[in-house]
Amino acid sequence: MTTASPADAVPGKPAVAVLGTGIMGSGMAHSLLRAQLPVRAWNRTRAKAEPLASAGATVTDTAEEAVRGADVVLTSLNDRRAVAETLDAASRGLRPGQIWLQSSTVGIDDTTDLAHRAAGVGLVYLDAPVSGTKHPAEQGALTVFVSGPSAARPTVRPVLEAIGQRTVWVGEDPGAATRLKLVANTWMINLVNSVAEGLNLCEGLGLDPRLFLDAMKGGPLDTPYLQSKSAAVLSGDLAPSFALSTALKDSRLILAAADAAGVTLDLMAASAARFTRAEESGHGDQDLIATYYAGRGG
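None of these values were measured; they are calculated from a predicted model.

**Thoughts on helix H10 (residues 224-235)**
Spanning 12 residues, H10 covers 16 Å between terminal C-alpha atoms, matching the ideal 16 Å at 1.5 Å per step. When H10 is considered as a whole, its buried residues turn out to be Leu-226, Lys-229, Ser-230, Ala-232 and Val-233. Viewed along the axis of H10, the buried residues span an arc of 155 degrees, placing them on a single side of the element. Opposite the buried face of H10, by more than 90 degrees, sit the exposed residues Pro-224 and Ser-235.

Okay, here's the thing in structure tokens:
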């Protein structure tokens, strides 16, 4: 069994347990290591965490081992169920006063539930979803939305500075950051589906999509997102920086939050429908711009 040792302790540099080393977790772990923070990494499938060992992380067999002795516990998992199960698995290694930086995108009610779970075991809960995809995570260029006790800021600041180019402190309420993340994802999800529909219509009308992209280039309606996501489709490179199935999960969280708030989101409902069709056609593991295939019949 791997246990924390004095070698894990570095003055002024909090030791971080990274639970979940998928696309985002792995990228954030690399950014933490680049900032010379001690990192202990765990993933349910250990093989996904192993590459971090060569970068300087301690890879553990269990979540319990990873969190033992850590100052900050960073979760980067797919959904509320995975987060809750991981917290349960780590419980015997946790200690009161540890900071839990919860970066997974979960629902508003789920965030409240996780905050209550944290309080039950004495953790300091920071609601900290991130805005960005694979490459910003790897480059330490995420935007991190954070809400929770301000007293935790000095300890967690080196972690936030390592993984993000910007931290937006939303307030003391642990649900505030999640609410802002759902709004930000609403914009992103509707934007990617607008890109997909533009490409679909170009092809349907017999136009080369490159004419459309050139017409937009440099103008007020152009965006780097339009150009980069279109380039991915045209090149056929749909390796996920943000998986379509994850975008569908977030779409459903947004719609649930809007319904509870009495807000009608017609575009988000249409986006969720497109993602569903694309996922059913086998594109769930590809980048979310694979929603393009929902307009082409599979």
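**Points about the pairing of strand S4 (residues 72-75)**
Neither face of S4 is exposed, since Val-72 and Leu-74 on one face and Val-73 and Thr-75 on the opposite face are all buried. Here strand S1 (residues 16-19) runs beside S4; their pairing, made up of four bridges, is parallel. In the strand pairing of S4, Val-16 is matched with Val-72. Where S4 and strand S5 (residues 99-102) come together, four bridges link them in parallel fashion. Along S5, the bridge assignment pairs Thr-75 with Gln-102.

**Concerning the packing of helix H8 (residues 176-204) against helix H11 (residues 244-261)**
Packed helix pairs are specified by the crossing angle of their axes together with the interaxial distance, meaning the distance between the axes. Where H8 meets H11, the closest approach of the two axes is 10 Å, and the angle between their N-to-C directions is 125 degrees. Taken as axis vectors, H8 and H11 run oblique relative to one another. Here H8 and H11 pass one another in a crossing that is left-handed. Of the residues in H11, those in contact with Leu-182, Asn-185, Thr-186 and Ile-189 of H8 are Ala-247, Asp-250, Ser-251, Leu-253, Ile-254 and Ala-257. Class assignment for the residues of the contact of H8 with H11 results in six nonpolar, three polar and one charged.

Parameters and conventions
Residues numbered from 1 in each chain as written. Predicted model: local features only at pLDDT ≥ 70, side-chain atom pairs only at ≥ 80, totals over all residues. Heavy atoms only, no water. Helix = DSSP H or I, 4+ residues; strand = E, 2+ residues; numbered from the N terminus. Expected span 1.5 Å × (residues − 1). Buried < 20%, exposed > 50% of the residue type's maximum accessible area, 1.4 Å probe, protein only. Arc of directions from axis to C-beta. Pairing = 2+ DSSP bridges. Axes fitted to C-alpha atoms, helices over the stretch in contact; angles between N-to-C directions. Parallel < 35°, antiparallel > 145°, perpendicular 65-115°, else oblique. Left-handed = near helix turned anticlockwise from the far one by under 90°. Contact = heavy atoms within 4.5 Å. Nonpolar A, V, L, I, M, F, W, Y, C, P; charged D, E, K, R; others polar.

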